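Chain by chain, the residues run as shown.
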Amino acid sequence: MQTIKVLFLDRDGTINRDSGSYISSKEQIELIDRADEAIALARNAGFRIVVVTNQAGIARGITTVEEVEEVNRYLYDLLAVRNAHYDQCYFCPSHPDYPHPEYDRYIDFRKPATGMVDLAISDFLKEGFEVDRSASFFIGDKTVDIECGLRAGLRPVLVRTGHNEEALCYQRNIIPEFVADDLYQAVTGYILPGG
Ligand SMILES: [Mg+2]
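All of these numbers come straight from a predicted model, not from anything done at the bench.

K.L.:
Describe the packing of aromatic side chains, with residues and values.
P.N.:
Evaluation of the coordinates by the stated rule reveals 5 aromatic pairs. Judged by centre distance (4.2 Å) and plane angle (5 degrees), the rings of phenylalanine 178 and tyrosine 190 are stacked. Within this pair, whereas phenylalanine 178 is found in strand β7 (residues 178–180), its partner tyrosine 190 is found in helix α6 (residues 183–191), the two being separated by 12 residues in sequence. The partly exposed category is assigned to phenylalanine 178, whose relative accessible area is 22%. For tyrosine 190, a relative accessible area of 13% corresponds to the buried category. A cation over a ring is seen here: lysine 5 above phenylalanine 47, with NZ or CZ 4.5 Å from the ring centre.

K.L.:
Would you mind going over the pairing of strand β1 (residues 2–9) in detail, with residue names and values included?
P.N.:
In the sheet, β1 pairs with strand β4 (residues 129–131) via 3 bridges, with the strands oriented parallel. By the bridge assignment for β4, glutamine 2 is matched with phenylalanine 129. Pairing between β1 and strand β5 (residues 137–140): 3 bridges, direction parallel. In the strand pairing of β5, phenylalanine 8 is matched with phenylalanine 138.

K.L.:
Please give an account of the environment of aspartate 181 that cites residues and values.
P.N.:
Relative to the helices and strands, aspartate 181 is located in the loop between β7 and α6. Owing to a relative accessible area of 44%, aspartate 181 belongs among the partly exposed residues under this scheme. Between the alpha carbons of aspartate 181 and valine 71 there is a distance of 25 Å; along the sequence they are 110 residues apart. Side chain to side chain, aspartate 181 and arginine 160 meet in a polar contact 2.6 Å long.

K.L.:
Can you lay out unusual backbone geometry for me, pointing to particular residues and giving the numbers?
P.N.:
Residues lysine 111 and proline 112 are joined by a peptide bond in cis, for which omega reads 20 degrees. In this structure, proline 112 sits in the loop between β3 (88–92) and α3 (115–126). For arginine 34, which is not a glycine, the phi torsion comes out positive at approximately 65 degrees. Residue position: arginine 34 is located in the loop between β1 and α1 (35–44). Judged by relative accessible area, arginine 34 falls into the partly exposed class, the value being 37%.

K.L.:
Got a sec to walk through the coordination of the magnesium ion? Specific residues and values, please.
P.N.:
Protein ligation of the magnesium ion involves Asp10 (OD), Asp12 (O) and Asp141 (OD), the donor distances falling in the range 2.1 to 2.2 Å. Mapped onto the sequence, the donors of the magnesium ion take the spacing D-x1-D-x128-D. Of this pair, aspartate 12 sits in the loop between β1 and α1 while aspartate 141 sits in the loop between β5 and α4 (143–151); the two residues are 129 residues apart in sequence, bridging distant segments of the chain. Residues aspartate 12 and aspartate 141 agree in their burial class; the two are buried.

K.L.:
Can you lay out the environment of alanine 56 for me, pointing to particular residues and giving the numbers?
P.N.:
For alanine 56, the position within the fold is in the loop between β2 (47–54) and α2 (65–80). Between the C-alpha atoms of alanine 56 and cysteine 169, which are 113 residues apart in sequence, the distance is 22 Å. Among all residues touching alanine 56, those that are not within four sequence positions of it are Tyr22, Cys92, Pro93, Ser94, His95 and Arg110.

K.L.:
Residue-level account of the pattern of salt bridges, with values.
P.N.:
All chains considered together, the criterion is met by 12 salt bridges. In this structure, glutamate 147 and arginine 151 form a salt bridge, with 2.8 Å as the shortest nitrogen-oxygen distance. Placement of both glutamate 147 and arginine 151 in helix α4 is noted, with a separation of 4 residues, approximately one turn of the helix. Look at arginine 151 and you get exposed, because its relative accessible area is 51%. The closest approach of N and O atoms between arginine 155 and glutamate 177, which form a salt bridge, is 2.6 Å. Here glutamate 177 lies in the loop between α5 (166–171) and β7 and arginine 155 lies in strand β6 (residues 155–159), a separation of 22 residues in the sequence. Glutamate 177 sits in the partly exposed class, given a relative accessible area of 33%. When salt bridges that share partners are traced, they join Asp10, Lys111 and Asp145 into one network.

Basis of the calculations
Residues numbered from 1 in each chain as written. Predicted model: local features only at pLDDT ≥ 70, side-chain atom pairs only at ≥ 80, totals over all residues. Heavy atoms only, no water. Phe/Tyr/Trp six-rings, centres within 6.5 Å; stacked < 30°, edge-to-face > 60°. Helix = DSSP H or I, 4+ residues; strand = E, 2+ residues; numbered from the N terminus. Buried < 20%, exposed > 50% of the residue type's maximum accessible area, 1.4 Å probe, protein only. Lys NZ or Arg CZ within 6 Å of the ring centre and 35° of its normal. Pairing = 2+ DSSP bridges. Polar contact = N/O pair within 3.5 Å; in protein donor to acceptor, adjacent residues only side chain to side chain. Donors = N, O, S within 2.8 Å, 3.2 Å for Na, K, Ca; no water. Contact = heavy atoms within 4.5 Å. Salt bridge = Lys/Arg side-chain N within 4 Å of Asp/Glu carboxyl O.

Structural measurements only, silent on function.
Structure (structure tokens):
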């Protein structure tokens, strides 16, 4: 079986600008400067790309599964123009404060829980690829991203874009391995030079 390494990426605030609310249409998608270039460089270096995003706006009735899927497809196409497309994208529709008969079964998907990462890894396994967690990274702008990466045995990197929860991470003792100004710096200044 072939072993692979993966960049698990948060979406809002890491790849595209965080709108401050739930993104429900492609018009709200604006890439963070050089995020596409960073992903393309990581792909060229052999990383698989998996997007892992909490989308509780679905359980809250602010957006729908169909809208989130359409936004994800749009993001895929936007990234693909620069050879920066993702391999898989997983989103969590549920929220503990907004019970929903259909979405509650995905509660273990909600970051900082590791359900989406575990599913991605088992999906790769079905295709004959074993993910080397110790050579894989989780990059995001929030404490939940860092905590998810730590719990999943991945190497967590915080970016100062989006919500930039750097202070909160240290306050809560959820310590990233590296803090970068943005995804481009994380990839070119830390991950690709060999961490
Ligand atoms: Mg985020």
